[in-house]
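Examination of the molecular architecture
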Amino acid sequence: MFAKAFRVKSNTAIKGSDRRKLRADVTTAFPTLGTDQVSELVPGKEELNIVKLYAHKGDAVTVYVSGGNPILFELEKNLYPTVYTLWSYPDLLPTFTTWPLVLEKLVGGADLMLPGLVMPPAGLPQVQKGDLCAISLVGNSPEGRQLDIKKSSYKKLSKFLQQMQQEQIIQVKELSKGVESIVAVDWKHPRKGSFLEGSEVRTIVINYAKKNDLVDADNKNLVRLDPILCDCILEKNEQHTVMKLPWDSLLTRCLEKLQPAYQVTLPGQEPIVKKGRICPIDITLAQRASNKKVTVVRNLEAYGLDPYSVAAILQQRCQASTTVNPAPGAKDSLQVQIQGNQVHHLGWLLLEEYQLPRKHIQGLEKALKPGKKK
């Protein structure tokens, strides 16, 4: 809420009379809110605190906190909504929309000028000098998400913050006695999540775009990029130039930004999940001493197969000698070598016995043609 450090003077529960006065003040300051919305913003029985603090330059500020979320603040006897409240009630104030590059200038203290505004189809809002207004970014309208700490495994906020700091997602400091503050957030931190199929990712992205009304009204093949999508898929030099993308480009970029992973499931065993792209089982033919051919197979371990067990089965089925050696250029990986061209037997073992998909085996076309010698 504040860009710089502040000092808390007091934090007390609001009295009944002060709660009623606050409701009256909200109704007067924000006439666009209906009676039900005022009751929702300033609840009658839920926890509501008054936090009095001093900002970085010594200004006295009163913050009203409902359910742990700052909803309003008072400065020099004027009442203002927080960004959290503006997300919840986007029509609370006349709103001017601008671009991310312009916002960077505004944060630095520059004034908002007419050339920096996005002109909506209905025109700019009608305001008078001194009216309270809001500034938003192009596409920045989704409401924030909440985490109920008490219903989570952390139970306490302090444990949650401690865990997030250990994972280097946030940085927490005690800026004043007894008050811990989040002073930094690593937005680039790789979050862990559940594994998703490509089709599931596409469904999630499509539903998100439709739910947040991001499909371009004039061209249904284009999707407007809100700040969340911008941060997820655009490069730094595209942040202020690319505002829309075709569906296929959007979905492709989303998939490319995700960490590839694969899962191997074997009968009677827990699924094995690993990062990266799975390499196919590689079958090759090679010449050895006295011009003898041998069949070499690699990458068996990636599919949960024991090279020594595979070698023993092939030795018995092919009636040929087999050896297991370290695979050249591959750390902690073994290769099985079988005397002669045994691709046919190897294919039977992998496809029929182990039920591996053909697309994950390369080299099956090297099998000995009928009538030819090994």
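Just above, that's the structure.
Described below are features of the structure shown in this document. Source: prediction; values computed, not measured. (Residues numbered from 1 in each chain as written. Predicted model: local features only at pLDDT ≥ 70, side-chain atom pairs only at ≥ 80, totals over all residues. Heavy atoms only, no water.)

Once that is clear, we can look at the overall build of the chain. Each helix and strand counted, the chain has ten helices and 18 strands in total. Compactness check: the chain gives a C-alpha radius of gyration of 32 Å against a globular reference of 21 Å for 374 residues, more than 25% above the reference. Principal-axis analysis of the C-alpha atoms places the extent of the chain at approximately 95 × 50 × 35 Å. Here the chain, with 374 residues, has 29% of them falling under the buried criterion. In the chain, of all internal contacts separated by at least 6 residues, the share reaching a separation of at least 24 is 46%. As displayed, the chain offers around 25,500 Å² of accessible surface, 52% of which is attributable to carbon and sulfur atoms. Positive and negative charge centroids in the chain, built from 50 and 38 side chains respectively, lie 6 Å apart. (Helix = DSSP H or I, 4+ residues; strand = E, 2+ residues; numbered from the N terminus. Rg over C-alpha atoms; globule rule 2.2 N^0.38 Å. Buried < 20%, exposed > 50% of the residue type's maximum accessible area, 1.4 Å probe, protein only. Contact = heavy atoms within 4.5 Å. Areas by Shrake-Rupley, 256 points an atom, 1.4 Å probe, with all protein chains shown as cover. Lys, Arg positive; Asp, Glu negative; His and termini not counted. Charge placed at Lys NZ, Arg CZ, Asp CG, Glu CD.)

What follows deals with the packing of aromatic side chains. The final tally for this structure, using the stated rule, is one aromatic pair. Both rings, one in Phe73 and one in Tyr80, keep their centres 5.3 Å apart while their planes meet at 20°; by these two values the pair is stacked. By relative accessible area, which is 23% here, Tyr80 ends up partly exposed. One residue, Arg317, lies across the ring of Trp348, its end atom 3.8 Å from the ring centre. (Phe/Tyr/Trp six-rings, centres within 6.5 Å; stacked < 30°, edge-to-face > 60°. Lys NZ or Arg CZ within 6 Å of the ring centre and 35° of its normal.)

Our focus in this paragraph is the sheet that holds strand 5 (residues 78-81). Judged by pairing direction, the sheet is antiparallel, and its five strands sit side by side in the order 1-2-3-4-5 without closing on themselves. Pairing within the sheet leaves two strands with one partner each, and these edge strands are strand 1 (7-13) and strand 5. Sheet twist, expressed as the mean angle between neighbouring strand axes with direction ignored, is 25°. Bridge analysis of strand 4 (residues 69-75) against strand 5 gives four bridges, and the strand direction is antiparallel. (Pairing = 2+ DSSP bridges. Axes fitted to C-alpha atoms, helices over the stretch in contact; angles between N-to-C directions.)

Here strand 12 (residues 261-264) shows a clear split, with Tyr262 and Val264 buried on one side and none of Ala261 and Gln263 buried on the other. Of the pairings in the sheet, the one linking strand 12 to strand 13 (residues 272-275) comprises four bridges and is antiparallel in character. Bridge pairing in strand 13 links Ala261 to Lys275.

Before going further, it helps to spend a moment on the state of the cysteines. Using the criterion set out here, one finds zero disulfides in the structure. Free cysteine Cys230: the closest other cysteine sulfur is in Cys232, separated by 9.3 Å. Cys232 provides the cysteine sulfur closest to Cys254, a residue in no disulfide bond, and the two sulfurs are 6.9 Å apart. (Disulfide = S-S within 2.5 Å.)

With that settled, consider helix 8 (residues 247-257). Every buried residue of helix 8 is accounted for by Trp247, Leu250, Leu251 and Cys254. Along helix 8, the residues classed as buried sweep out an arc of 95° about the axis, all on the same side. Residues of helix 8 that are exposed and point more than 90 degrees away from the buried face comprise Asp248 and Glu256. On the buried face of helix 8, the contacting elements are helix 6 (198-211), strand 10 (222-224), helix 7 (227-233) and strand 11 (244-246). (Arc of directions from axis to C-beta.)

Among the structural elements, Met113 can be located in the loop between helix 4 (100-107) and strand 7 (134-137). Under the relative-accessibility criterion, Met113 is labelled exposed at 54%. Residues Met113 and Pro357 lie 244 residues apart in sequence; the distance between their C-alpha atoms is 61 Å.

Below, the discussion takes up the sheet that holds strand 18 (residues 361-362). Spatially, 16-17-15-14-18 is the arrangement adopted by the five strands of the open sheet, whose pairing is mixed. Either end of the sheet is taken by a strand with one partner, and the two such strands are strand 16 (322-326) and strand 18. Note that strand 16 and strand 17 (residues 334-339) share five bridges and pair antiparallel. In the sheet register, Val324 faces strand 17, and the bridge partner there is Val336. Most of the contacts of helix 9 (residues 307-318) go to strand 16, to which it runs at about 160°, and overall it touches strand 16 and strand 17. Its contacts with the sheet put helix 10 (residues 343-353) on strand 14 (281-287), strand 15 (293-298) and strand 18, and the angle it makes with strand 14 is roughly 165°.

One non-glycine residue with positive phi stands out, namely Lys77, at about 65°. As for its placement among the helices and strands, Lys77 is situated in the loop between strand 4 and strand 5. By relative accessible area, Lys77 is classed as exposed at 79%. Positive phi is not limited to glycine here, since Asn299 has a value of about 70°.

This part takes up the nonpolar core. Counting residues in hydrophobic clusters, the biggest one holds 21 residues, and the most contacted among them are Ile281, Ile283, Leu300, Leu305 and Leu350. When contributions to this core are tallied by element, the ones reaching two or more residues are strand 14, helix 9, strand 17 and helix 10. Ranked by the residues each element gives to this core, the list is headed by helix 10, at five residues. The contact partners of Leu300, leaving out residues within four places of it in the chain, are Ile281, Leu305, Pro307, Val310, Val336 and Leu350. Grouped together as the second largest cluster of nonpolar side chains are 18 residues, Leu33, Val38, Val42 and Leu72 included. (Core = buried A, V, L, I, M, F, W, Y, C linked by side-chain atoms within 4.5 Å.)

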